[in-house]
Amino acid sequence: MDRFARLAARVLAASEAVVAVTTRGPGGTLSVEPVEYWPPRLSKTEPARAALCRHVVRAGELVMVDDLAAWDDGPDLVGAPATGGAFAGVPLFGEQGVLLGVLAVYDSAVRSWDAGNQKDLEDLADAAAAELRLRASAAQAHQERLGAELAQQEAEKATGQARQGVQDLRIRLGRSELLLRAAELLANTSGLEEVRRTVSELVSGDLKPAYVGLVLRGEDDMMRRSVDPGSTPVALEEQVPLYALTASWPTAQAARENRVVSVPDRQSLIEGYDPQTVAVFDEMNLASAVCVPLPGTRRPTLGTLVAAWDEAHETDVHERAVLTVIAGYTALAVERALHLDERISVARQLQQAMLTDLPEAAGLELAALYRPAASEDMVGGDWYDAYPLLAGYDAEAGRQPLAVTVGDVTGHNMHAATLMGQARSMLRQADIERANSPAEAVASFERANRHLHTEISGTLVHAHLLPRPHGTWLLRWTNAGHPPPLLARPGHEAELLTEHGRLIHPGIRPRADRHVDERLLEPGDVLLLYTDGLVEHRGVDLDDSLGQAALLLSQAATDNAPLDQVIATLADTLAGARHGDDIVLLALRVATQRVR
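These numbers come from a predicted model, not from an experiment.

A look at the overall build of the protein chain
Broken down by element type, the protein chain carries 14 helices and 21 strands. Counting over 596 residues, the protein chain shows a buried share of 51%. Taking all contacts inside the protein chain whose residues are at least 6 apart in sequence as the whole, residues at least 24 apart take part in 67%. Just so you have it, the protein chain exposes about 27,400 Å², and 50% of that area is on carbon and sulfur atoms.

Looking at the sheet that holds strand β19 (residues 517–521)
Spatially, the five strands line up as an open sheet ordered β13-β14-β15-β16-β19, and their pairing is antiparallel. Edge positions in the open sheet fall to β13 (381–388) and β19, since each of these has one partner strand only. Sheet twist, expressed as the average angle between the axes of neighbouring strands with direction ignored, equals 15°. Inspection of the sheet shows strand β15 (residues 458–467) paired to strand β16 (residues 473–480) by eight bridges, in the antiparallel sense. Following the sheet pairing, H462 is matched in β16 by T478. Packing of helix α12 (residues 438–452) onto the sheet brings it into contact with β15 and β16, and relative to β15 it is tilted by some 145°.

So, the pattern of salt bridges
Tallied over the entire structure, the rule returns 18 salt bridges. A salt bridge links E131 to R336, with the nearest nitrogen and oxygen atoms 3.5 Å apart. Of this pair, E131 sits in helix α3 (residues 115–156) while R336 sits in helix α10 (residues 317–354); the two residues are 205 residues apart in sequence, bridging distant segments of the chain. Grouping residues by exposure puts E131 and R336 together as buried. Two residues, R424 and D385, come together in a salt bridge whose shortest N-O distance is 3.9 Å. Of this pair, R424 sits in helix α11 (residues 414–433) while D385 sits in strand β13, placing them 39 residues apart in sequence. A single burial state applies to R424 and to D385, both of which are buried.

Some details on the sheet that holds strand β11 (residues 301–309)
If you walk across this open sheet you meet the six strands as β8-β7-β6-β11-β10-β9, and the pairing is antiparallel. Only two strands of the sheet have a single partner each, and these edge strands are β8 (242–244) and β9 (261–263). On average, each strand axis in the sheet is tilted by 25° relative to the strand beside it, whichever way the strands run. Direction of pairing for strand β7 (residues 222–226) relative to β8: antiparallel, over a ladder of three bridges. Residue pairing for β8: M222 is matched across the bridge by A244. Here helix α7 (residues 250–257) sits on the sheet in contact with β6 (211–217), β7, β8, β9, β10 (288–295) and β11, set at roughly 140° to β11.

Describing the packing of helix α13 (residues 542–559) against helix α14 (residues 563–574)
At a minimum axis separation of 10 Å, α13 and α14 run at an interaxial angle of 155°. Between α13 and α14, the interaxial angle falls into the category roughly antiparallel. Where α13 crosses over α14, the two elements pack in a sense that is right-handed. Across the interface between the two elements, S545, Q548, A549, L552, L553 and A556 from α13 touch V566, L570, T573 and L574 from α14. Looking at the contact of α13 with α14, its residues break down into seven nonpolar, three polar and no charged.

Re the packing of aromatic side chains
In the structure shown here, the tally under the stated rule is two aromatic pairs. Seen in terms of ring centroids, F87 and Y106 are 5.3 Å apart; in terms of plane orientation they differ by 40°. Their pairing is tilted. Linking F87 in strand β4 (residues 86–93) with Y106 in strand β5 (residues 99–107), this pair joins segments that are 19 residues apart in sequence. According to the relative accessible area criterion, F87 is buried, its value standing at 1%. A relative accessible area of 1% places Y106 in the buried class. Ring geometry for Y243 and W249: centres 5.9 Å apart, planes at 35°, overall tilted.

Parameters at a glance
Residues numbered from 1 in each chain as written. Predicted model: local features only at pLDDT ≥ 70, side-chain atom pairs only at ≥ 80, totals over all residues. Heavy atoms only, no water. Helix = DSSP H or I, 4+ residues; strand = E, 2+ residues; numbered from the N terminus. Buried < 20%, exposed > 50% of the residue type's maximum accessible area, 1.4 Å probe, protein only. Contact = heavy atoms within 4.5 Å. Areas by Shrake-Rupley, 256 points an atom, 1.4 Å probe, with all protein chains shown as cover. Pairing = 2+ DSSP bridges. Axes fitted to C-alpha atoms, helices over the stretch in contact; angles between N-to-C directions. Salt bridge = Lys/Arg side-chain N within 4 Å of Asp/Glu carboxyl O. Parallel < 35°, antiparallel > 145°, perpendicular 65-115°, else oblique. Left-handed = near helix turned anticlockwise from the far one by under 90°. Nonpolar A, V, L, I, M, F, W, Y, C, P; charged D, E, K, R; others polar. Phe/Tyr/Trp six-rings, centres within 6.5 Å; stacked < 30°, edge-to-face > 60°.

Written as structure tokens, this is what we have:
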């Protein structure tokens, strides 16, 4: 539940979030107990928050309050400490409308909740309720296992006439354990690939089919086979990856008619389906199959779970029951994965939209790269920027002064990405108004950050490139606590520009004494700005990473390799595919043709 509390706080940009569950005491008395707060706290007892959650339970519907101080308190808040700010809570419902708990967010300041906030909170509540339902199913399966174990112990003490009963209990115990594993494992999946792999392992281990597949129904009523990239491709998934809901496939029939479809032998396949279906089954040496629909909460079916055997197989009522329950767990996991994938995709697109298209710059070659963290669920605050300055235009050579920035706003969530967009805009405005030096622009940004209470903290390198005679450029930069830039010259070792100052933080009073450093860039020189995700990795010495980056950049400068290839090689070599932090690189090279 801490994941949903964390996501609710981040997605709704709230200062606090809580997941509470309902319990019944003696006499059926209903109470609400907070189980997870975000940010985490040692004590789960908070009378005002608990009273607000009780009010949501009593109301049985979404409650959104813009100003708690002006709100007409209900009976649930009588005697609770007074509280201010804003509140939004939504009940979590289980099977047959059973109230499971509350998902709520709080803000210390008054705010106006909009329809988007309501939709986000309700979507997260749907996913949290699904998680609670899975947990409840797991607990029920666990109780069944304990009961079966006790019954088994009693049966083993009975006479020989009870041996058959003991065997039946063992079978039921095995299936109860399978369902318990399914509830536990599928409750912890976070992506479609993981759901597909988990389902395949569960079904293969107990029912021993030759093939287990998952087919998902899209909004366009097309059936798409979910593929496990870690396993060997099969003919069924390669030859027919996509087909219509109306197609003559048993998986499509199960989803279309929302019922279990059984194909017990090859003759049933020939009689009920088209030749292509028979041909693909024959190629995979499959002779029978059972297809179970995945029940959806917003639509009748999400797709189909299919198990197939290489010999005739008539599924009995117990096997069907097991597959049906597993399909239910799978459907909940699929809905949760689709919901989270959609949120992450939207967030990633928003962050990509805020990154800059590099300008054309006469006399300079520019290249940039952004790679999100492989293990992060949400976006972050890393960014790069490049734009022309107004003053100092070299009319004879057509060279425009340029500002470049690489920065890292603290945090790995939508809030950090939003602050990144504000920092980028404020720094641009500061450069337009105060373009005399990069330090003045950063100081102006810091003053605006403190005055407007935007609470932006982090690091950055901000630089101005000014055209100078004979194709050279004067690099003037200020470093606010950021990893040092690298400067490489053909035939020389790369240099770390280690000069730096204090980081950006709203609690530090801005001063006008940020230092500006200078270097004259010659034709062929390569400058690299980057974020810490490139060189800081668990178990790897930072100096070794910086040394390797310097070596690669020096070689690239000497070989005059294209910059987009250079920065891609740096990211692949130093961070790899499974890097744990966002990576941003911005590189520029001074043109080798001298300008007169």
